[in-house]
Amino acid sequence: MTDDHGPLTEGYDRTPQHSSHHIPKIMMMGLRRCGKSSICQVMFHNMPPLDTLYIESTSSPSTTVFSSFIDFAVVELPGQTNAVDPGNEELERLFTESGALIYVIDSQDEYINSLSNLHSIITRAVEVNPKINIEVFIHKVDGLSEDFRLDAQRDITQRVTDELLDDGLLNVPLSFHLTSIFDHSVYEAFSRVVQKQIPQLATLENLLNVVCQHSGIEKAFLFDIKSKIFVATDSSPMDVATYEICTDFIDITVDMDSLYTIDHSQTPALKAADTAFGNELDGTDPTFNKSKPIGSTTRLNNGLILYLQQMVKGLALVCLMRKESMPKIALVEYNIEFFRNALEQLRLLTV
Amino acid sequence: MAATARRKLLLMGRSGSGKSSMRSIIFSNYSAFDTRRLGATIDVEHQNLRFLGNLTLNLWDCGGQDAYMDNYFSSQRDNIFQMVEALIFVFDVESKELRKDIETFVLCLRNLYEFSPGARIFALVHKMDLVVVEKRQDVYKALMHSLEDTSAMFSFKVQGFATTIWDESLYKAWSNIVCSLIPNVGIFQKHLQSFADISEVDEVILFEKTSFLVISHVTGNRSPGFKSDSTRFEKISNIIKQFKQSCNKLRSQFQSLSLRGSDCSAYIDSMTASTMIMVVMANRAVPDDGTNGDDAVDGSSAVNLLADQDPFSGEAENNIILANIKIARKMFEKIENLSLE
Ligand SMILES: Nc1nc2c(ncn2[C@@H]2O[C@H](COP(=O)(O)OP(=O)(O)OP(=O)(O)O)[C@@H](O)[C@H]2O)c(=O)[nH]1
Ligand SMILES: Nc1nc2c(ncn2[C@@H]2O[C@H](COP(=O)(O)OP(=O)(O)OP(=O)(O)O)[C@@H](O)[C@H]2O)c(=O)[nH]1
Ligand SMILES: [Mg+2]
Ligand SMILES: [Mg+2]
């Protein structure tokens, strides 16, 4: 039984009991105060960025289970310089279980210390698990000027790769991202990290390409509604402004939808209908008594149209179109329905 | 051209209390973040705003630094306090000199009593985000209590709001302030009511286009069990206003929104040159068999059944609403341009 029309947003589970042993992991490491907890809180727990000022230092590993097209667990390790003491079996086990290691560097601080820390971590991690993706977040770039950001990225990339070369480590899967919790950059970076963990990514991208080509859609994103991570996008070029308006559009759709509800206990006819359709709604929480997938459309005065349709399990497809495509809206809807079915089948294959 | 009404609003309060911030958010498309760039206001900044076809809001944003304040109550006294329609006094909850703030408030009342005895008095207890949630109500009540007593001495009735730029409370306050100044707000209300009756919808809300302040709303009570958030009006203002800013970043403007929600459908579109309308309809329950559908004809229940399977339905219903909006548009344009004395 799939909960295809289930609650709009899936809950995240911070407690590791949720059998997080078996789901793929993404590790987060970095020196103290570099911003690891802030990234997790902003991305997965809807914390306003300014409130991260009050986050306390993390003292033991903490896990956030993320449940979307794929399930995975984000494991934040406390910041420390000597993380890779030899014989740290716990850490080695994590390396083997993880598909990606996000290393966060505070770009507003002297980053020399973190580079040597990063180097020892990479060396150890790829020794244990050569396939682990190393994702370096050059973080807090909101404090740097545009030029300075690119300089920092160039400098850090250079130093890290040089040092790895010196050690004869050639084929480390290594990427660098400029991030900040005060804009959309951290969402984009995290999306890229997650996408590499999705085995069906190529299939999803192909499907999206097909949908776009046949429906006059310029750009399509498959989003995780709650975290704003995009699981996949079509292969047309992407700019940050488009991504931003799409995430904002998800926000207003969800916010507007939450303002009006039907209390199903007062409408007996509907309650009967619900159980007849076999939905696992228990009626305790009115906000979860929602059975219909949501959608929305907005028009802008320059002829752009944003079209959102909720898909399976907390995912939404957001498409950017021109108003010239609107007469073909029935076709667009048909193709999106086709995409939803394909998505459902892909998901069935994975579980 | 129809005669326009001018309404003078005084914005008063200590320096740094947030007067220019709220003005910029409501009327000039600033985000809450942007307000950190604002410098202290020099003397008085005047802002003239066209609000609905024939109403001009004349905002006097009075810089709160002591040197300016002293002038307002001495040499500039009659200039400042004449012809005032509304005083909006902003209290900073973080102020260390609350007593002095209240004294300034009383001075304003004294002068208004003399120069503009008909003025409406609004007190905004502002920056509420800086008070812990459990204490907000107490802080607000305590201050309002003392203000009510002093206002009564000058036979003014003060209306209070707890506000912060970081949530929708600001929109609630300003919607109330502005609505109290719109001369034909009752006519808007009346026609919105008949629009709701004719279109058989669950709610209709009318917004001013640029500020997105709520001007008028009608709730239909048509669908049993249909519930709405009690703070939805100011929330919608806030949500759409923020989305308008996102659209501006793409160098473009928000035009319309159609929501196919889980429990309702909603539609936002232009009404007149200066208003937008939002129409809300609860998703109709689909009778599980033909017998207990209230008055469903055979044909219509067939459509409904289809509708239940197709998540993209509701187009037909939307088209009816669109047609109704189109018809109502002419009427509302007339009201908007009613000649005012
Ligand atoms: N300017 C800026 N500050 C940030 C950003 N991300 C996090 N911070 C700040 O960095 C500080 C430390 O953040 P934490 O998230 O606690 O850092 P951490 O890596 O979890 O630290 P430990 O748990 O001690 O290892 C906080 O004051 C955050 O507000 C960012 O993108 N930009
Ligand atoms: N925390 C918080 N800060 C606010 C709020 N409203 C305004 N501020 C901040 O307060 C500061 C001063 O705001 P202004 O609007 O310039 O104050 P003002 O009343 O116009 O001051 P004068 O022009 O000198 O009279 C700005 O940095 C705003 O960002 C609020 O609701 N909460
Ligand atoms: Mg931490
Ligand atoms: Mg000012």
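What this report covers is the structure whose coordinates are included nearby. (Residues numbered from 1 in each chain as written. Chains lettered and ligands numbered in written order. Predicted model: local features only at pLDDT ≥ 70, side-chain atom pairs only at ≥ 80, totals over all residues. Heavy atoms only, no water.)

All names here are of chain B. The environment of ligand 2 is made up of 22 residues, and the closest members are S15, S21, T41, G64 and D129. S17 is positioned such that a nitrogen or oxygen atom in its backbone is 3.3 Å from an oxygen atom of ligand 2. Within the side chain of H126, an N or O atom sits 2.9 Å from a nitrogen atom of ligand 2. Protein chains shield 87% of the accessible area of ligand 2, which is 660 Å² for the free molecule. (Near = heavy atom within 4 Å. Polar contact = N/O pair within 3.5 Å; in protein donor to acceptor, adjacent residues only side chain to side chain. Areas by Shrake-Rupley, 256 points an atom, 1.4 Å probe, with all protein chains shown as cover.)

So, on to the site of ligand 1. All names here are of chain A. Taken together, 22 residues are adjacent to ligand 1, and S37, S38, S57, T58 and D142 come closest. In this structure, G79 approaches ligand 1 through a main-chain N or O atom, which is 3.1 Å from an oxygen atom. Here ligand 1 has 660 Å² of accessible area as a free molecule, and 93% of this is covered by the chains. Looking at the shell around ligand 1, the element that brings in the most residues is helix α1 (residues 36-44), giving 3 residues. When the residues that make up the shell around ligand 1 are grouped by side-chain class, the tally is 6 nonpolar, 10 polar and 6 charged. (Helix = DSSP H or I, 4+ residues; strand = E, 2+ residues; numbered from the N terminus. Nonpolar A, V, L, I, M, F, W, Y, C, P; charged D, E, K, R; others polar.)

Attention now goes to the coordination of the magnesium ion (ligand 3). Residues and elements named next belong to chain A. The coordination sphere of the magnesium ion (ligand 3), as far as protein atoms go, consists of S37 (OG), T58 (OG1) and E76 (OE), spread over 1.9 to 2.4 Å. Summarised as a motif, the one-chain spacing of the donors to the magnesium ion (ligand 3) is S-x20-T-x17-E. Separated by 18 residues along the polypeptide, T58 in the loop between α1 and β2 (62-67) and E76 in strand β3 (residues 71-76) bring together distant segments of the chain. (Donors = N, O, S within 2.8 Å, 3.2 Å for Na, K, Ca; no water.)

We now examine the coordination of the magnesium ion (ligand 4). Residue and element names in this part refer to chain B. Only S20 (OG) and T41 (OG1) from the protein coordinate the magnesium ion (ligand 4), and they sit 2.0 Å from it. Taken together, the positions of S20 in helix α1 (residues 19-28) and T41 in the loop between α1 and β2 (44-51) put the pair 21 residues apart, joining distant regions of the chain. Under the relative-accessibility criterion, S20 is labelled buried at 11%. (Buried < 20%, exposed > 50% of the residue type's maximum accessible area, 1.4 Å probe, protein only.)

On to the sheet that holds strand β11 (residues 264-272) of chain B, then. Adjacent strands of a sheet form backbone hydrogen bonds with each other and so pair up, either parallel or antiparallel. Taking strand neighbours across the sheet as the criterion, the 10 strands line up as β8(A)-β7(A)-β12(A)-β11(A)-β10(A)-β10(B)-β11(B)-β12(B)-β7(B)-β8(B) in an open arrangement whose pairing is antiparallel. The outermost strands of the open sheet, each flanked by one partner alone, are β8 (230-233) of chain A together with β8 (214-219) of chain B. In this sheet, adjacent strand axes meet at a mean angle of 15° when their direction is disregarded. (Pairing = 2+ DSSP bridges. Axes fitted to C-alpha atoms, helices over the stretch in contact; angles between N-to-C directions.)

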